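Summary of structural features
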Amino acid sequence: MRQDHSLPAATRRLFIQRSVLALAAAFSPALLQAAANTPASKSTPPPKTLHALSADDYRLLSVVSDAIIPTDETPGASSIDLAARIDRYTAPDDKELIQGISGALLFIEHKAPELIGEKKAFSRLDSASKEKTLLAMNGASPLTNTVFTAIRGLCLFYFYTHEAGWKQIGYDGPLIQQANPSLKADA
Amino acid sequence: MITQGHEITAALKLKTHSVVIGSGAGGGVAAYHLAAAGVDTVVIEEGGYFQAKDFNQREEDMMPALYRSAGRQTTTDGMIYVWQGSAFGGSTLINTADATPIEPEVLHHWQQHFGLGTLTEESLAASYSRVYKDLNVHRLEEHLLNRNNSVLLQTARRLGYKTGVFDSNRKGCVGSGYCYSGCAYDAKQGTNLTYLPRASELGAQIYTDMRVDRIERLSTGRYRIHASVVERGSRAYRLPVEIDAVRIVLAAGTVHTPAILKRSGFDKGLPQLGRNISLQPQIGLAAHFDASDKMTSWRGAPQSCYVSEFDDNRASHGLGGFRMEGVGGLPGILAGFGKTIGKEHKRLMSEYPHTQFTALLVPDQPTGTMDWEWGADGKVKPKIQYTPKAEWVQRFRKAMKTAAELMFEAGARRVTFNSTVYPSITNRDQFAKIDEFPVAPGMVALTSAHVQGSCRIGLNADVGVVDQNLKLHNLDNIYVVDGSVMPTTAATHTMIPIMVMADRAMHALLHQA
């Protein structure tokens, strides 16, 4: 694997801020134009009120998260509208993070399929090719690995912190039922 | 009295004798001792005030509420996550309640290498005694060890390795396993339940949701603290605060204490400010066992035992070698282990109940540096520069091999590290692969839970930021009592070292006064 120590960030789980930020800076101008010309084929209707993400980001995140955590005999990303959950947990004033997520999604949609020789946008690929594309990102270079790690981590964190993901992994969940204190703050 | 930010509705001006900035391990101890000595004291905490009723045992809610930058603070290259608590109680609110003293070899190293002759086991003994009593430190009860920890302990003992069960500052622990998310049972004896309430009862005024922006030195020799009441959560500016004081005790942590000094212009004449950072980076290892061997890592005391066989602590360099510690965890964090997606990842997650988790702690030398930027909103953006040294990488790889070997000995079928690049290890013949695992940005995710340095103790301003009594070298009446003062990493867990150093400094100060 090629080493590139000048690259900005390794990321994992939800902690994607810095790396995808750099990716957004690197890819966004060209890809934003491409995105404007090639809308995501999956027509997941966005929630009426998005908290932080744009409608396009929401649609792309829905497609990508479904590839990372497919719905089969057990719940997956689409079972809980994972993209909407991630949107709800993203602070609207965290512009850097939002820009970073957007840049990473655009990279996956428009550049990553080239890694497996595909010219179609990611959202137009079949399920097997989507998974193949994402796995190809992991290991192609530190750059693509960073995007893969970031988006994978984001999706896995918010899926497996949701009750829908617990039964299949044997996690019995919190021992108490209390509200999120952030929702009570400043009340 | 404890005042939360939302209770403040107008600009605030206060006068007091001493201001403590930060409410974690060092700030809590300092606040208590000042208040107990009858000193008019104000404590300022940037984070929010949370109690047991607020800790809902959910990662997605607790990390943004209790951790600095919602747990997303990293080194500038993104390779190492630097976790710090940021709420009433600081990191004592979200740590695993492990009580470890400063290792004797570390003190010897500080004496020999830095000339810190007054920091001896004897001179710290009284502080240990007080802190251990105040925190109810005792050997962790055996029934709180889960299988996740005991499999590490038992296997290591069978192999003849040195091991131990942690001392702990718990009281009435029910073994819920949610230490990282704040204790909903008030069992973990952090400063939020010990020193801070006592300080409050003794008259200290404690403010939460209040960020210190800078400190102004007045012509009288006193200080004026310029602070902001901030929104809970977003920490957006709400209201201005000015506090005039004679004395300032900084305990905002290794990252933010030097930032306050820098923004106040107090870094002049302190060339070591923001330098000499230790991160003690660690990596997680997941060992997959047969389905019949339930680890249930998320229940019981998450981090309760250690393997110290491979410590290499010496007066010549302080902490060395590496340590293995059992570490339980919650599914959101642990789902990120490995490199799989799709059905294969789902299959791996189904092994969660019989997966054992170990943290590999590899002490480092203090080679990192820090700088900071401030946004228009007044928020500080730390820039932590840190590149592991070749010698550290060598020990890191040895730690991974040794831990993998131990887990195979324990019966694991496969071992996975917290990297989306490193392949799983399925048999001993593959250990050589570990020598090729890249340790570079984008390749591996490391964690630091014990960032230290940045305002280290030194005999003079050329070599340190504070003296052996933790007073700033270049200004009177400013003290630093957090992890930033450690010349090198003090111990594998830093709550007790910070508290003991703060206790000693406050006793010296108040005795002299």
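The structure displayed is predicted, hence computed values, not measured ones. The written sequence of each chain sets the order in which its residues are numbered from 1. Working convention: letters from A go to chains and numbers from 1 go to ligands, in the order in which they are written. Local features in this predicted model are restricted to residues whose pLDDT is 70 or higher, and side-chain atom pairs enter the listing and the counts only when it is 80 or higher, whereas totals over whole chains, interfaces and linings include all residues. Note: side-chain values were computed over all heavy atoms of the structure, leaving out hydrogens and water.

Section: the overall build of chain B
Secondary structure follows DSSP: runs of H or I at least 4 residues long count as helices, runs of E at least 2 residues long count as strands, and numbering of each begins at the N terminus. When helices and strands are counted, chain B shows eleven helices and 23 strands. Taking 2.2 N^0.38 as the reference for a compact globule, 513 residues should give roughly 24 Å; the C-alpha atoms of chain B span a radius of gyration of 22 Å, in line with that estimate. Oriented by its inertia axes, the alpha-carbon framework of chain B measures out at about 70 × 50 × 40 Å. For chain B, the proportion of its 513 residues judged to be buried stands at 68%. Any pair of residues with heavy atoms lying within 4.5 Å of one another is described as a contacting pair. Sequence separation of 24 or more characterises 73% of the internal contacts of chain B that already satisfy a separation of 6 or more. Each accessible area value is a Shrake-Rupley result obtained with a 1.4 Å probe; residue values ignore everything except the protein chains displayed when judging cover. Carbon together with sulfur atoms contributes 48% to the accessible area of chain B, which is approximately 16,400 Å² in total. Separation of charge centres in chain B, based on 53 positive and 50 negative side chains, amounts to 3 Å. With the radius of gyration taken over C-alpha atoms, the globule rule is written as 2.2 Å times the number of residues to the power 0.38. Buried residues are those whose accessible area, probed at 1.4 Å on protein chains only, stays under 20% of the maximum for their type, while exposed residues exceed 50% and partly exposed ones sit between those limits. Neither His nor the chain ends is counted toward charge; the positive residues are Lys and Arg and the negative residues Asp and Glu. In plain terms, the charge of a residue is placed at NZ if it is Lys, CZ if Arg, CG if Asp and CD if Glu.

A few points about the overall build of chain A
A tally of regular secondary structure across chain A gives seven helices and zero strands. When the helices and strands of chain A are read in sequence order from the N terminus, they spell out α-α-α-α-α-α-α. Sorting the 187 residues of chain A into buried and exposed places 55% on the buried side. Relative to all contacts within chain A whose residues are 6 or more apart in sequence, the contacts with residues 24 or more apart total 66%. In the form shown here, chain A has an accessible surface area of approximately 7,900 Å², with 53% of it arising from carbon and sulfur atoms.

Let's talk about the side chain of R504 of chain B
Residues and elements named next belong to chain B. The topology assignment puts R504 in helix α11 (residues 495-512). We define a salt bridge as a contact between a side-chain nitrogen of Lys or Arg and a carboxyl oxygen of Asp or Glu at a distance within 4 Å. Buried R504, no salt bridge; nearest opposite-charge side chain is D467, N-O distance 7.4 Å. Polar contact criterion, stated in full: a pair of N or O atoms within 3.5 Å, where within protein one must be able to donate a hydrogen and the other to accept it, and residues adjacent in sequence count only if both atoms are side-chain atoms. A polar atom in the side chain of R504 sits 3.4 Å from the side chain of T118. Excluding residues within four positions of it along the chain, R504 makes contact with T118, L119, S123, L124, S127, Q468 and N469.

Brief notes about the pattern of salt bridges
Scanning the model with the defined rule gives 37 salt bridges over all chains in all. Through salt bridges that share partners, R85 and E163 of chain A together with R58 and E60 of chain B make up one connected network.

So, the interface of chain B and chain A
Contacts between the two partners involve 69 residues from chain B and, on the opposite side, 67 residues from chain A. What counts as buried area is the accessible surface, traced by a 1.4 Å probe, that two parts surrender upon association, with contributions from both included. Summed over both partners, the interface of chain B with chain A comes to about 5,200 Å²; 53% of that surface belongs to carbon and sulfur atoms. For the chain B face of the interface with chain A, the top three residues by lost area are R72, I341 and K346 of chain B, together amounting to 16%. Counting across the interface, chain B meets chain A through seven salt bridges. In this assembly, chain B and chain A are joined by 29 residue pairs in polar contact (both at pLDDT 80 or more). By residue class, the composition of the side of chain B that touches chain A is 32 nonpolar, 21 polar and 16 charged. Gly is placed with the polar residues, together with every amino acid not listed as nonpolar (Ala, Val, Leu, Ile, Met, Phe, Trp, Tyr, Cys and Pro) or charged (Asp, Glu, Lys and Arg).

Observations concerning unusual backbone geometry
One non-glycine residue with positive phi stands out, namely A70 of chain B, at about 55°. Residue position: A70 of chain B is located in the loop between α2 (59-66) and β5 (80-82).

Regarding the environment of I260 of chain B
Residue and element names in this part refer to chain B. Relative to the helices and strands, I260 is located in helix α7 (residues 257-263). The spatial distance from the C-alpha of I260 to the C-alpha of L250 is 8.8 Å, given a sequence separation of ten residues. Aside from chain neighbours lying at most four places away, what touches I260 is I21, V212, I215, L250 and A252.

A closer look at the sheet that holds strand β2 (residues 12-15) of chain B
All names here are of chain B. Strands pair, by our definition, only if DSSP identifies at least two bridges between them. Here four strands make up an open sheet; going across it, the order is β2-β13-β12-β11 and the pairing mixed. With partners counted over all chains shown, the strands left at the sheet margins are β2 and β11 (210-217), one partner each. Here the strands of the sheet are splayed against their neighbours by 20° on average, with no regard to which way each runs. Two elements, β2 and strand β13 (residues 237-245), share four bridges in a ladder whose sense is parallel. Bridge pairing links L12 to V241 in β13. Axis definition: a line fitted to C-alpha atoms, limited for helices to the stretch in contact. Angles are taken between N-to-C directions and run from 0 to 180 degrees.

Topic: the packing of aromatic side chains
Residues and elements named next belong to chain B. Side-chain rings of Phe, Tyr and Trp (the six-membered ring for Trp) are treated as a pair once their centres are within 6.5 Å; stacked means planes under 30 degrees apart, edge-to-face means over 60, and tilted covers the remaining angles. According to the stated counting rule, one finds 21 aromatic pairs over all chains in the structure shown. For the ring pair Y67 and W83, a centre distance of 6.0 Å and an interplane angle of 85° mean the geometry is edge-to-face. Here Y67, found in the loop between α2 and β5, pairs with W83, found in the loop between β5 and β6 (98-99); they are 16 residues apart in sequence, far enough to count as distant. In this structure, Y67 and W83 share a single accessibility class: buried. Summarising the aromatic geometry, the rings of Y422 and F437 are spaced 4.2 Å apart at their centres and angled 20° between planes, so their arrangement reads as stacked. Linking Y422 in the loop between β21 (414-417) and β22 (446-448) with F437 in the loop between β21 and β22, this pair joins segments that are 15 residues apart in sequence. Take Y422 and F437: they sit in the same class, and that class is buried.

Some thoughts on the confidence of the model for chain B
Values of pLDDT, the confidence the predictor places in each residue, fall between 0 and 100. Model confidence for chain B is summarised by a mean pLDDT of 96, while 100% of its residues fall at 70 or above. For this predicted complex, the interface score ipTM comes out at 0.93, alongside a pTM of 0.93.

As for the pairing of strand β18 (residues 355-361) of chain B
Residue and element names in this part refer to chain B. Across the seven residues that make up β18, a large majority, seven, are buried. Residues T355, F357, A359 and L361 line one face of β18 and the alternating positions Q356, T358 and L360 line the opposite face, and both faces are buried. Here seven bridges tie strand β15 (residues 282-288) to β18, and the two strands are oriented antiparallel to one another. Paired with A287 across the bridge in β18 is Q356. Taken together, the four bridges between strand β17 (residues 323-326) and β18 define a ladder with antiparallel strand orientation. Opposite R323, over in β18, you have L361 as the bridge partner.

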